[in-house]
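Below are the chains, spelled out letter by letter.
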Amino acid sequence: MSWPLQYSALSHSAFVTTMTMAVRGHSKDAQEWRSKDRKREDSVMKDGREDDIIIPILGRTGVGKSSFVNIAVGREAARVGHDLESCTAMLQHIIIPCPGEPTRRIVFVDTPGFDDTNIDDAEILRRIGVWLAQSYHDRTKVTGVIYLHDISQARVPTSRKTLQMLHKLCGDAAMKNVALTTTKWGDVPPMTGEKNEKELCENSWGEMIEQGSQVGRFDGTVESAWDLVELVLQNPPLALQIQKELVDLKRRFHETAAGRIANAHEPRIPFGERFKSFFGFH
Ligand SMILES: Nc1nc2c(ncn2[C@@H]2O[C@H](COP(=O)(O)OP(=O)(O)OP(=O)(O)O)[C@@H](O)[C@H]2O)c(=O)[nH]1
Ligand SMILES: [Mg+2]
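Rules used throughout
- Residues numbered from 1 in each chain as written.
- Chains lettered and ligands numbered in written order.
- Predicted model: local features only at pLDDT ≥ 70, side-chain atom pairs only at ≥ 80, totals over all residues.
- Near = placed C-beta within 6 Å.
- Helix = DSSP H or I, 4+ residues; strand = E, 2+ residues; numbered from the N terminus.
- Nonpolar A, V, L, I, M, F, W, Y, C, P; charged D, E, K, R; others polar.
- Pairing = 2+ DSSP bridges.
- Axes fitted to C-alpha atoms, helices over the stretch in contact; angles between N-to-C directions.
- Buried ≥ 20, exposed ≤ 12 C-beta atoms within 10 Å, placed from the backbone.
- Parallel < 35°, antiparallel > 145°, perpendicular 65-115°, else oblique.
- Left-handed = near helix turned anticlockwise from the far one by under 90°.
- Contact = placed C-beta atoms within 7 Å.
- Expected span 1.5 Å × (residues − 1).

Chemist: Describe in detail the site of ligand 1, supporting the description with residues and values.
Modeler: The local shell around ligand 1 holds 21 residues, among which Gly 64, Ser 66, Ser 67, Thr 88 and Gly 113 are the closest. In terms of residues, the shell around ligand 1 owes the most to one element, helix 3 (residues 65-73), which gives three residues. For the shell around ligand 1, the residue count by class is four nonpolar, 14 polar and three charged.

Right under this line is the structure:
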């Protein structure tokens, strides 16, 4: 069959559909959230829907964020780290139909951990901020933030900074949408775990709990993962503070409340590693 015949065999409607998709694709690109802080390689969700249930999973590196997502979705969707190096470098969202409401979607957002071995917290926060800003720009809101903390790590030197960043990233109004969750209970005797949890609730997490954050435990089971999801589903979705700052107020990343905290501390990462992560090699 010659090319002109092949072409004429294309139905008019197929041609129109193809062209419409091309035009839509173009206009979707044009709708992307624009900021000098955004880089080409940043990961964002391109097909966000207004009724999506967005659940970012945040926490320090190695606490089990990717493992949590895999257990919740029932497959190895996110890569889990098995050595001392941090594992997740770019955000990854995993979409599943909402059980009981299959027309809606639950979007788990696996994030790179704070205190990463190669990437500064400011860069981690920027990557998270870009993902959140694009999704808010596409009119999706955040249903709940699951913040994971390794219960076997009673004291960690930078946890205060990490918690301040979490607080400012979410904002006071979103504190009730945060589930402060401990992981790795199997790594400590139950008594030690209970003691550490009590200390967290009374000290580091005290202010957030007063503002409505809930406390949960993740024991590595599917049931426990979904109990946490249900915990955050109790609250209406809202825009996080960093989303409003970046999109509504058009602030640069370093001008946001969370960005200021991330930048206020001395960089821990050697210059060479920061140089590599700046140019997207991590
Ligand atoms: N004992 C125990 N180990 C766990 C648990 N969850 C995760 N791990 C292990 O902890 C290590 C890190 O897990 P990840 O899921 O990659 O942690 P992460 O928070 O995604 O780490 P980054 O991507 O580096 O931020 C892996 O070896 C996991 O197998 C848990 O509940 N208990
Ligand atoms: Mg990970």
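Chemist: Just give me the short version of the sheet that holds strand 6 (residues 214-217), but keep the residues and values in it.
Modeler: Strand order in the open sheet formed by six strands is 2-3-1-4-5-6, with mixed pairing between adjacent strands. The sheet terminates laterally at strand 2 (92-98) and strand 6, the two strands that pair on one side only. Averaged over all neighbouring strand pairs, the angle between strand axes comes to 25°, with direction disregarded. Inspection of the sheet shows strand 1 (residues 53-59) paired to strand 3 (residues 101-110) by five bridges, in the parallel sense. Bridging from a neighbouring strand, Ile 54 pairs with Val 107 of strand 3.

Chemist: Please set out the pairing of strand 1 residue by residue, giving values where relevant.
Modeler: When you tally the buried positions in strand 1, you get seven out of seven residues, the bulk of the element. The two faces of strand 1 match: Ile 53, Ile 55, Ile 57 and Gly 59 on one face and Ile 54, Pro 56 and Leu 58 on the other face are all buried. Sheet analysis places strand 1 next to strand 4 (residues 145-150), joined by three bridges and oriented parallel. If you follow Leu 58 over to strand 4, its bridge partner there is Tyr 147.

Chemist: Provide a residue-level description of the packing of helix 5 (residues 159-170) against helix 10 (residues 257-264), including the pertinent values.
Modeler: One way to put it is that helix 5 packs onto helix 10 with a least axis distance of 7 Å and a crossing angle of 160°. By the angle class used here, helix 5 and helix 10 are roughly antiparallel. Once helix 5 is placed against helix 10, the crossing between them reads as left-handed. Only Ala 257, Ala 258, Ile 261 and Ala 262 of helix 10 make contact with helix 5, whose side of the interface consists of Lys 161, Gln 164, Met 165, Lys 168 and Leu 169. Looking at side-chain class alone, the contact of helix 5 with helix 10 contains six nonpolar, one polar and two charged residues.

Chemist: How would you explain the packing of helix 4 (residues 121-137) against helix 9 (residues 241-248) if you had to name every residue and give the values?
Modeler: Between helix 4 and helix 9, the shortest axis-to-axis distance is 9 Å and the interhelical angle comes to 70°. The orientation of helix 4 with respect to helix 9, classified from their angle, is roughly perpendicular. Contact with helix 4, carried on its side by Gly 129, Leu 132, Ala 133, Tyr 136 and His 137, involves Ile 242, Gln 243, Leu 246 and Val 247 of helix 9 and no other residues of that element. When grouped by side-chain class, the residues that make up the contact of helix 4 with helix 9 number six nonpolar, three polar and no charged.

Chemist: Help me get a handle on unusual backbone geometry, residues and values and all.
Modeler: Positive phi values are uncommon outside glycine, yet Arg 139 reaches one of about 70°. A tally of 12 C-beta atoms within 10 Å means that Arg 139 is categorised as exposed.

Chemist: Go over the pairing of strand 2 with me, naming the residues and quoting the values.
Modeler: Sheet topology note: the strand 2/strand 3 ladder contains seven bridges and is antiparallel. Residue pairing in the sheet places His 93 in a bridge with Val 109 of strand 3.

Chemist: Can you break down helix 4 residue by residue, with the values?
Modeler: Here helix 4 is 17 residues long and its end C-alpha atoms lie 24 Å apart, about the 24 Å a rise of 1.5 Å per residue gives. For helix 4, the tally of buried residues reaches 16 of 17 residues, placing the bulk of the element in the interior. Arg 139 sits one or two positions beyond helix 4 and adopts a positive phi of about 70°.

Scope: geometric values only; no functional claims are made or implied.
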